[in-house]
Amino acid sequence: MTELPEVLFATRNQHKVEEVRIILKDLPLNMLTALDFPEIPDVEETGETFVENALLKARTLYNITGKLTMADDSGLEVDALDGAPGIYSARYAGPGHRHDLNNTKLLDALAGVPIEQRTAGFRSVVAIVGDGAEHVVEGVIRGHITEQLYGGGGFGYDPIFVPDGHEITFAEMSSKEKNRISHRALAFRQARDVLQDLIG
Ligand code: ITT
């Protein structure tokens, strides 16, 4: 039996792992994650853009493991807040990465802002780094921020984001529906083509 090629997803975010396993399910590969390498410390996200941070995470784990590595840097960009929380989405309400506190802080920041000015986008930038290869792809989905939390699915800002063309938040959708339209799905569908070329 031939062994499947290995690809390392440089994340410890279990929600991202679950989503990406589904998006890449048709690729014949063995996906490892940073959770399989507990001895490797978290990569400090010192970049100033999603692209810089995605490359930083992918390059660091590739340099340590030598395995073809992909990383997702993602976040929510709210127009009325000049693109915040953006690259700081995970740590918007502090270093604890508490999704509940992040959502409360964002709803407070938008208090009194009318619905038509609550527009926002979710962005996912995926970097793929291997032997002599570096690729970056991106997915964006536009929508708006609700005035309160709706739904218990997903993670992060999902309970307050309604994608354009829909009337429910990501957290109210099935994971199948979110995975069909999300920023991460848009980015990783392009990543799938890159990976297919790289692993043959
Ligand atoms: P890794 O760096 O280990 O991948 P992380 O959660 O710290 O995990 P990021 O630095 O890319 O990842 O921060 C992404 C944050 O953006 C995430 O914690 C959420 O707050 C938000 N976010 C990104 N994608 C999201 C999604 O699909 N649904 C809800 N929130 C999302």
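Undergrad: Honestly, the site of the ligand in this entry has me stumped. Any pointers?
TA: Among the 22 residues in the neighbourhood of the ligand, the closest are listed as Thr 11, Lys 16, Lys 57, Asp 158 and Lys 178. At 3.0 Å from an oxygen atom of the ligand is found a side-chain nitrogen or oxygen belonging to Asn 13. Between Glu 45 and the ligand, the recorded distance is 3.0 Å, taken from a side-chain N or O atom to an oxygen atom. Considered on its own, the ligand offers 610 Å² of accessible surface; in the complex 92% of this is hidden by protein. At the level of elements, strand 3 (69-78) and helix 5 (183-199) are the ones that each hand at least two residues to the shell around the ligand. Looking at the shell around the ligand element by element, the count peaks at four residues for strand 3.

Undergrad: Please explain the side chain of Asp 73 as it appears in this structure.
TA: Summarising the element assignment, Asp 73 is placed in strand 3. Polar contacts involving the side chain of Asp 73 include one to the side chain of Lys 57, which spans 2.9 Å. Ignoring anything within four residues of it in the chain, the contact list for Asp 73 reads Glu 45, Phe 50, Asn 53, Ala 54, Lys 57, Ile 87, Arg 123, Ser 124 and Val 125.

Undergrad: Mind showing me how you'd approach the nonpolar core here?
TA: Most often, soluble globular proteins keep nonpolar side chains buried together rather than apart. One finds Leu 24, Met 31, Met 70, Val 126, Ile 128, Phe 188 and Leu 195 to be the most contacted residues of the largest nonpolar core, which totals 20 residues. Residue contributions to this core peak at six residues, all from helix 5. Aside from chain neighbours lying at most four places away, what touches Leu 195 is Val 7, Leu 24, Leu 27, Leu 29, Leu 68, Met 70, Ile 128 and Gly 200. Residues Val 78, Tyr 92, Leu 106 and Ile 181 belong to the second largest nonpolar core, which totals 17 residues.

So, how was this worked out
- Residues numbered from 1 in each chain as written.
- Predicted model: local features only at pLDDT ≥ 70, side-chain atom pairs only at ≥ 80, totals over all residues.
- Heavy atoms only, no water.
- Near = heavy atom within 4 Å.
- Polar contact = N/O pair within 3.5 Å; in protein donor to acceptor, adjacent residues only side chain to side chain.
- Areas by Shrake-Rupley, 256 points an atom, 1.4 Å probe, with all protein chains shown as cover.
- Helix = DSSP H or I, 4+ residues; strand = E, 2+ residues; numbered from the N terminus.
- Contact = heavy atoms within 4.5 Å.
- Core = buried A, V, L, I, M, F, W, Y, C linked by side-chain atoms within 4.5 Å.
- Buried < 20%, exposed > 50% of the residue type's maximum accessible area, 1.4 Å probe, protein only.

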